[in-house]
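# Examining the three-dimensional arrangement
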Amino acid sequence: MVLKLINDIKPKHKYRVITLGYAVAVTSAFVLSLTNNSNVNASVYPKEKSEYLMLENAVSESIENPASLYPADRILNIRSLFDTVYNYQRIHEFEKLISVKKGDTFISILNSFGLTYNEAHSLYSAFKKVYNPANIRVGQKIFISGLFDEKTQKLTEIDQIIIQENNIKSYSLSKNDKGEFETKTLQEELITEVNSATGSISGSLSKSMNSQGVPNKIVHEFIKIFSYSVDFRRDVRKGDKFEIIFENNITKDGKIASYGNILYAGLQLRNEKISLYRFKDSKGNVDYYTEKGLAMKKVLHKKPLSFQNARISSPFGKRRHPIKKRWIIHWGVDYAAPKGTKIYAGGDGVVQVAKYNGGYGNYIKIRHNSEYSTAYGHMWKFAKGIRPGTRVKQGQVIGYVGSTGLSTGPHLHYEVIRNGKRINPVTIKAATGNNLAGKDLKKFKLLVSDIKSSYNKMFALKKNNKISQK
């Protein structure tokens, strides 16, 4: 997008080229007139000819050394003309597309082109009206245009700076007709494209979906939708099937700028099929519902991790403690996962505890309602903003897997507390969320009918294309 914007930029210094040409023309004409006059012997008297030859030699020397001109008042200030030509030769228009590197800041980038700290900071402050330049990141593109002095190797004037946020959005700082800087947001219009995919699961679900053209981000969302009731490590087997309808946001030239929502997600687990549809109710709440309008989201998550293939390294119940070397009750479930794996809130609620808690290491406890609470132990660190009193949503990142406290390796220790008593998170059967009713249910059923019809048409079209290709 930045390159496209650069191509649209109109030259702002044409008058400089005209002035330069004028200066060169005047200088050349003056020197040429002196040279031509040297051949007109009849018009030059002996005394004047001597003075003229002296002037001609001075002009000739001035090409190599303008300071040698003599006498200056006899040659119409030719030094000024030569200086004008020289200055315009060394100052030229400048355009540069920069890729931000590690350690770069907005101000340090401008400093590298000769701007002082105060000059760079004034541009920084002007930019903050639409974008904070402190947020630039490695790999981000920045376009700079202006005037550059070859002799001093510095920018003498800034005309425009464009910071690319992503494939569709950029921020511009440019001079208006009055020479004042103005800021604005540049955003490309996107087209929403609907895609579908279906296939059998062989190996991992991710690879099976990737092979049918489903991008990783959509796969991750697909897994997250079902993770409230499906254990992807235990429940999903080879030969099971998936179905999906999802959106892509594309640019006018057909490039994918971002991924949209999953409109429909289906899992065929042996003899059981789970079909979920995305719906926004009259209150503005978005959730996934079964074909009958029943909310799929549970009050509590069984495995609140982004890594849904995490195995149970230590189950709930009596066990021999790996560090204390004695048999004690294990009041939660341990999920082995790589360090840094995202940990989600098991349900909506309020953070009661967020601190280092002895053998639990970095520990969080969330109260969900008068009946249920959940606890999370051995975290590497807490997510930004997580502290006692913070209200969290189900699926919100609250921390990252670690091995703090009494731990032999990175994992999440997850506890579910019901009425003050810790119970097994794997076998818990919590109540479902709010089901659809009334006008919302009627609208939802129409949506389901439309999606089914669209899916059948897309699937039939894909099937016919495969047959024709054979």
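See the structure printed just above.
A quick note: this is a predicted structure, and the numbers were derived from the prediction, not measured.

## As for the overall build of the protein
Within the protein, the secondary structure is distributed over nine helices and 22 strands. Across the protein, the fraction of contacts at a sequence separation of at least 24, relative to all contacts at a separation of at least 6, is 60%.

## Examining the pairing of strand β21 (residues 411-418)
Buried residues dominate β21, accounting for seven of its eight residues. Of the strand pairs in this sheet, strand β14 (residues 333-336) and β21 are connected by four bridges, and their pairing is antiparallel. Bridge pairing in β21 links Asp 334 to His 413. With six bridges connecting them, strand β18 (residues 372-382) and β21 associate as antiparallel partners. Each residue of the ladder has a partner; that of Tyr 372, found in β21, is Arg 418. In this structure, β21 lies alongside strand β22 (residues 421-423), joined through three bridges in antiparallel fashion. Looking at β22, one finds that Val 416 is bridged to Ile 423. The loop that links β21 with its antiparallel partner β22 comprises two residues; one of these, Asn 419, has a positive phi angle of about 50°.

## Considering the pattern of salt bridges
Applying the stated criterion across every chain yields a total of six salt bridges. A salt bridge links Glu 371 to Arg 418, with the nearest nitrogen and oxygen atoms 2.8 Å apart. Note that Glu 371 is positioned in the loop between β17 (362-367) and β18 and Arg 418 in strand β21, a separation of 47 residues in sequence. Looking at Glu 371, the relative accessible area reads 27%, which means it is partly exposed.

Rules of the game
Residues numbered from 1 in each chain as written. Predicted model: local features only at pLDDT ≥ 70, side-chain atom pairs only at ≥ 80, totals over all residues. Heavy atoms only, no water. Helix = DSSP H or I, 4+ residues; strand = E, 2+ residues; numbered from the N terminus. Contact = heavy atoms within 4.5 Å. Buried < 20%, exposed > 50% of the residue type's maximum accessible area, 1.4 Å probe, protein only. Pairing = 2+ DSSP bridges. Salt bridge = Lys/Arg side-chain N within 4 Å of Asp/Glu carboxyl O.

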